[in-house]
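# Coordinate inspection notes
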Amino acid sequence: MRLLNRQVSRPVGLVLAAAPFVVVIAVYMIASEARLAENAADKLLPALETMGRAIQRVAFEPSRRTGEYLLWQDTAASLSRIGIGIGISVTLAIMIGIPLGLIPMVRTTLGGFVATVSLIPPITILPILFIVAGLGEVSKIALITLGTAPVMIRSIAGAVEELPRELIVKAQTLGASTWQVLVRVVLPQVLPKLILAARLGLVPAWIFLISAEAIASTEGLGYRIFLVRRYLAMDVILPYVAWITFLAFAIDRILLWLSHRLFPWAHLGAKAG
Amino acid sequence: MLTIQRLTMSYGNTRVLEPISLTLSEGAFATIVGASGCGKSTFLRLVLGQEQPSSGAILLDGAPLPPEPTQARGIVFQRYSVFPHLTAWQNLLLPHGIASSPLTGHVRGADRLAAEGRARALLERTGLTAARDRYPAQLSGGMQQRLALAQALMREPRILLLDEPFGALDPGVRLDMHDLLLEFWREFGMTILMVTHDLPEAFKLGTRLLVFDKLRHDEQAPEAFGATITYDLPIAGAAATAALGQSAPDAASETEITNATAATARFMERT
């Protein structure tokens, strides 16, 4: 049988899917052991037990300096920044993106402007934000929003334009006003696309969050890994990276689940990711 | 009475419709046939108000129709005629929701009872009662079109426009749809304009047959001339008029029909 026709059974599939992870961890452990055998004080590839102790220290013991549980404090700070930032972007995507896609006058007025703004590399705005809004929360949230909103607005406008014209016309023949077309036909149909846009927006959002925290912050996941970098504390950095990855993954899955839950009609038929 | 006065349509240099004038009496069932790309659907979109004619006017009872879709003209397209995010039941309640609340578009209170009564009756008539909580994607093509028809009729438009509504359906399902459509037409008495590819369907359903074709053809510049109505025949609309117990006094003669049929079949083959 051709390779491309060979299906994978579920148990075999699980083993195969786990294999790359196992290989990477195994390679790490061997390399770590080798380095530590040569120099017990090596910090570059800490043993898993060392990382375990670091996790224990940052997650389950109050910090000796502040009395806080660092990992949770950092997580809360970062999640609230990314949550508020993406939340504002989602709101803007609805408020601007939908009219942009639906109403010719808005499209003519704002289309070129939004397209231009979305081309500004957001990270270049960061110094401007720090100057204008200071080093506080506002700058970090603004960076996330500026970095994600234009793309989300454009993708929602695109989703509106892609709605079959027939549906918009049909609604009008049922007597719908512009507003009614918007709230009963357009908005409900682009909400699943909005969740998709948020999921896609979260990818750059994490980059902006970590960047902003690395440069100026007093707490947050990005702040912590750049802080402990000075002490080559790989035993903290690696678990933090894994934790950030897990958070990103979990948020993505939760949004996907929400979309299935709230908009079952959007996931009928073709597989939706 | 629907009056169409010297309606023309061009897209840039491409002439789609030569002047069309037409008067449809209340309750007429006009079927429109012609080769594909001959402007039948464009004509329907003009009557619907989805597009603006290059010149000419469309009047309902002597008053010009607004240049955008309105409640006076219902529509069933071949596809995308029902809202995918609403169940069959919610689709049927939408027209009353729109009428009853300018802000939310949801129907409440006493209006809701009336809307639900009508929706229930139409579900029954269209055989969709068991499917009331399903989304369109979970319905067959025939069921979707029945739902679209029911939705268009929730608030009884005076004119019903049908753009190849049964074009994507299996032959058996089509026949059921014909019966349903004629039933609704007799009951509500709306004026129907229906575009179809299927000549027998046009003869079976219509009380008037409009054949669209180009009168002049320039091989060097095919875009120079548009189509117009080349045959306008009162027909027996067998399924329709016979059941009404009327003879069709001005029905076209045998020969006329034969000519038109042959001509139309020829036009269609050409494409």
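Everything that follows concerns the structure shown earlier in this document.
Residues numbered from 1 in each chain as written. Chains lettered and ligands numbered in written order. Predicted model: local features only at pLDDT ≥ 70, side-chain atom pairs only at ≥ 80, totals over all residues.

## Side note on the overall build of chain B
Regarding its fold elements, chain B presents eight helices and ten strands. The buried share among the 271 residues of chain B stands at 44%. Counting only contacts in chain B whose residues sit at least 6 apart along the sequence, the fraction spanning at least 24 positions is 69%. (Helix = DSSP H or I, 4+ residues; strand = E, 2+ residues; numbered from the N terminus. Buried ≥ 20, exposed ≤ 12 C-beta atoms within 10 Å, placed from the backbone. Contact = placed C-beta atoms within 7 Å.)

## Considering the interface of chain B and chain A
Taken together, the contacts link 26 residues of chain B with 20 residues of chain A. Elements with a minimum of two residues in the side of chain B that touches chain A: strand E6 (73–76) and helix H2 (88–100) of chain B. Sort the elements by how many residues they give to the side of chain B that touches chain A and H2 of chain B lands first, with five residues. Considering only residue class, the side of chain B that touches chain A consists of 14 nonpolar, nine polar and three charged. (Nonpolar A, V, L, I, M, F, W, Y, C, P; charged D, E, K, R; others polar.)

## Observations regarding the environment of Val 190 of chain A
Residues and elements named next belong to chain A. Tracing the chain through its elements places Val 190 in helix H8 (residues 178–215). Of the residues examined, Val 190 has 28 C-beta atoms within 10 Å and is grouped as buried. It is 9.9 Å that separates the C-alpha atoms of Val 190 and Gly 158, two residues lying 32 residues apart in sequence. With residues up to four places along the chain from it excluded, the contact list for Val 190 reads Ile 98, Ile 156, Ala 159 and Val 160.

## Let's talk about the packing of helix H2 (residues 48–60) of chain A against helix H10 (residues 234–262) of chain A
Describing two packed helices takes the angle between their axes plus the distance from one axis to the other. Residues and elements named next belong to chain A. Closest axis-to-axis distance for the H2/H10 pair is 8 Å, and the angle between their directions is 75°. Between H2 and H10, the crossing angle belongs to the class labelled roughly perpendicular. Packed against H2, whose contacting residues are Thr 50, Met 51, Ala 54, Ile 55 and Val 58, the element H10 presents Asp 235, Val 236, Leu 238 and Pro 239 at the interface. Taken together, the residues of the contact of H2 with H10 break down into seven nonpolar, one polar and one charged. (Axes fitted to C-alpha atoms, helices over the stretch in contact; angles between N-to-C directions. Parallel < 35°, antiparallel > 145°, perpendicular 65-115°, else oblique.)

## Here's the deal with the pairing of strand E7 (residues 159–163) of chain B
Residues and elements named next belong to chain B. Among the five residues in E7, five count as buried, and that is most of the element. Residues Ile 159, Leu 161 and Asp 163 of E7 are buried on one face, and the alternating residues Leu 160 and Leu 162, pointing to the opposite face, are buried as well. Bridging between E6 and E7 involves four bridges; their strand directions are parallel. Counterpart to Ile 75 in the pairing with E7 is Leu 161. Note: E7 against strand E8 (residues 191–195), five bridges, orientation parallel. (Pairing = 2+ DSSP bridges.)

## Section: the nonpolar core
Counting 110 residues, the largest nonpolar core has Ala 93 and Ile 156 of chain A together with Leu 161 and Ile 192 of chain B as the members making the most contacts within it. The leading source of residues in this core is H8 of chain A, at 15 residues. In this structure Ala 93 of chain A touches Ala 149, Met 152, Ile 153, Ile 156, Leu 194 and Ala 197 of chain A, once residues within four positions along its chain are discounted. Core analysis: the second largest hydrophobic core is formed by ten residues, Ala 54, Leu 71, Ile 225 and Tyr 240 of chain A among them. (Core = buried A, V, L, I, M, F, W, Y, C linked by C-beta atoms within 7 Å.)

## Describing the pairing of E8 of chain B
Residue and element names in this part refer to chain B. With five of five residues buried, E8 lies mostly within the body of the structure. Where burial is concerned, the two faces of E8 agree: the one with Thr 191, Leu 193 and Val 195 and the one with Ile 192 and Met 194 are both buried. Bridge analysis of strand E3 (residues 29–34) against E8 gives four bridges, and the strand direction is parallel. When the bridges of E8 are listed, Phe 29 appears paired with Ile 192. Assessed by its sense of winding, the connection that carries the chain from E7 through helix H5 (residues 171–188) to E8 is right-handed. (Right-handed = clockwise from strand over helix to strand, strands pointing away.)

## Section: the packing of helix H4 (residues 141–153) of chain B against H5 of chain B
Residues and elements named next belong to chain B. The N-to-C vectors of H4 and H5 enclose an angle of 10°; their axes lie 11 Å apart at closest approach. For the element pair H4 / H5, the angle class is roughly parallel. Taken together, the residues of H5 that come into contact with H4 (itself represented by Gly 142, Gln 145, Arg 146, Leu 149 and Leu 153) are Val 173, Met 177, Leu 180, Leu 181, Phe 184 and Phe 188. The residue makeup of the contact of H4 with H5, split by class, is eight nonpolar, two polar and one charged.

All quantities given are derived from atomic positions and should not be read as evidence of function.
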